[in-house]
Amino acid sequence: MSLAYFALIIAIVSASVLEIAGAKFGAQLGMMAAALGLLATAANAHKADYEHYLRATHFGWWILVAIPLGIALQLAPVWLGLAHPIWASTHDALGGVPLGPITADIGLTLNALLQAVAAVSLLGVTIVVVRDRSRAELVLLVLGGTTAIAALAMDLHRILPGLMAATPADLATTMAGLGIMLNMAVMQLAAERAETRHSLLRSITIGLYGLLGALVSALAIFGFSSANSAVAAGFGIVLILLVLVIRRLDLSPLAAGALAAAGLIGTAIVLTFLFEQSSGLALLRLVPDVGTETKAALERMLADTRWFGAGAGTFSALGRIYQSDASEVLLAPSTATAIFADMGWIGLAVAGVACVLALIRLFFGALQRGRDSFFPTAAAACVLFALVQSFAGPGLLHPAAILCFSVILGLGLSQSVSSR
């Protein structure tokens, strides 16, 4: 498993740091590392590893198959009634052919398919590799550090605009939100080490590392990001504190259930308030102001979306049709908007169900675990943040965020069932 472990670290660092620095090959290097990790895991995995993977994914293994399979099916020719409307409008130009692919751009959808396969593969590799607690700890430290670097890049750019201009602001915002949850888990790791009589100096060092990462990330998300992104991060922090209170006070199942229900009701109230602050399509209510013309183009584009979407990864290409100026590029204002336009109602529903199932699995896994509960707790908080943030910005569309989120999810799922 050493090679798979090495490939996992390379995938995290290369995809994140290189994209933060503005390099164009970070995603490709991360995908190659994910493929190497999958091959190494398949070659060296034992029966116990396979059984562990099945226990960790039994709640929704079908989702890991449905996502890449759904993207692959978009490449197959279908009747024009199921295809995107642009194929029906060009029916005569195509020579009267009654068939057309769901996707509006085969090349972009192939690229999205490769990214989806890499993300699912990296999730599986992480589940198997981090069975060992020492490896899980190092992966957590690497994740906390890379997300804090992205947040630091955003802080430096806002304080000194000439620095780190190549870092995408939406990516930095998303990574900063994830960084708060991960570095809070690092601080819990340090506290747990101190309680179990590990080296005090090492525990203090790890705690300061997590505290610095959390402060840098908090400055980026609460100081320099939108209010909706800050609210999304707040939900994740509240979830971590909720699990911590339930565990530390050793609440009964009835009291824990009542506290969790109160938190759920409070979350629903806040989200309802946020969505009611603006009018129009629900998918556009939490995004920053995009201008009247752009909003009208987005609404026309979303109105034409069928059940199966226009093809994964084709948002920008399809957006040129709806722009009054063909030279302009219509960018997705949020991750949820892009998923809906690319994958339709079915894709958005599957993504929502996947997040909710993962959140439930990680939450109860955190309550059932012992001293390692901060792993699934942090992962659950990251899932909750990503679920809300997907309606507020497009940061989760970046390959770096996708691969890091896959590793976070795999880390939480693995440690929620691990016995080592």
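Residues numbered from 1 in each chain as written. Predicted model: local features only at pLDDT ≥ 70, side-chain atom pairs only at ≥ 80, totals over all residues. Heavy atoms only, no water.

1. Quick notes on the pattern of salt bridges
Under the convention used in this document: One side-chain nitrogen of Lys or Arg within 4 Å of one carboxyl oxygen of Asp or Glu is enough to make a salt bridge. Only DSSP runs of H or I reaching four residues or more are called helices, and only runs of E reaching two or more are called strands; each is numbered from the N terminus. Buried means the residue's accessible area, taken with a 1.4 Å probe over protein chains only, is under 20% of the maximum for its type, while exposed means over 50%, and partly exposed covers the values in between.
For the coordinates displayed, the defined rule picks out six salt bridges. Notably, a salt bridge pairs R193 with E137, separated by 2.5 Å at the nearest N-O pair. Note that R193 is positioned in helix 8 (residues 169-195) and E137 in helix 7 (residues 133-159), a separation of 56 residues in sequence. Judged by its relative accessible area of 7%, E137 falls in the buried class. Residue D372 pairs with R369 through a salt bridge whose shortest N-O separation is 3.0 Å. Under the relative-accessibility criterion, D372 is labelled buried at 6%. A single network of salt bridges, built from pairs that share partners, joins R133, E137, E192, R193, R369 and D372.

2. Focus: helix 11 (residues 253-275)
Rules: What a helix is expected to span follows from its residue count: subtract one and scale by 1.5 Å. Contacts: residue pairs with any heavy atoms within 4.5 Å of one another.
The terminal C-alpha atoms of helix 11 lie 33 Å apart, and with 23 residues this matches the ideal 33 Å at 1.5 Å per residue to within 8%. Considering only its buried residues, helix 11 is in contact with helix 10 (227-248).

3. Observations regarding the confidence of the model for the chain
Test applied: pLDDT is a per-residue confidence score from the predictor, ranging from 0 to 100.
Looking at the chain, pLDDT values average 85 and 92% of them are 70 or higher. Element-level pLDDT for the chain is lowest in helix 5 (residues 85-89), with a mean of 64, against a maximum mean of 95 in helix 15 (residues 374-389).

4. A word on the environment of P333
Relative to the assigned elements, P333 resides in the loop between helix 13 (315-322) and helix 14 (335-368). Distance from P333 to L122, taken between C-alpha atoms, is 27 Å for residues 211 residues apart in sequence. Beyond its immediate sequence surroundings of up to four residues, P333 is in contact with L284, V287, V290, L298, F315, A392, G393 and P394.

5. Points about the packing of aromatic side chains
Describing an aromatic ring pair means giving the distance of the ring centres and the angle of the ring planes. Applied cut-off: Put simply, two rings from Phe, Tyr or Trp (the six-membered ring, in Trp's case) pair if the centres are within 6.5 Å, and we call them stacked under 30 degrees between planes, edge-to-face over 60, tilted for the rest.
In this structure the tally under the stated criterion is four aromatic pairs. Centroid distance F340 to W345: 4.7 Å. Interplanar angle 70°. Geometry classified as edge-to-face. Residue class for W345 comes out partly exposed when judged on its relative accessible area of 46%. Here the aromatic rings of F374 and F375 are separated by 4.5 Å at their centres, their planes lie at 35°, and the arrangement is tilted. Classification of F374 by relative accessible area gives buried; the value is 3%. Given a relative accessible area of 3%, F375 falls into the buried group.

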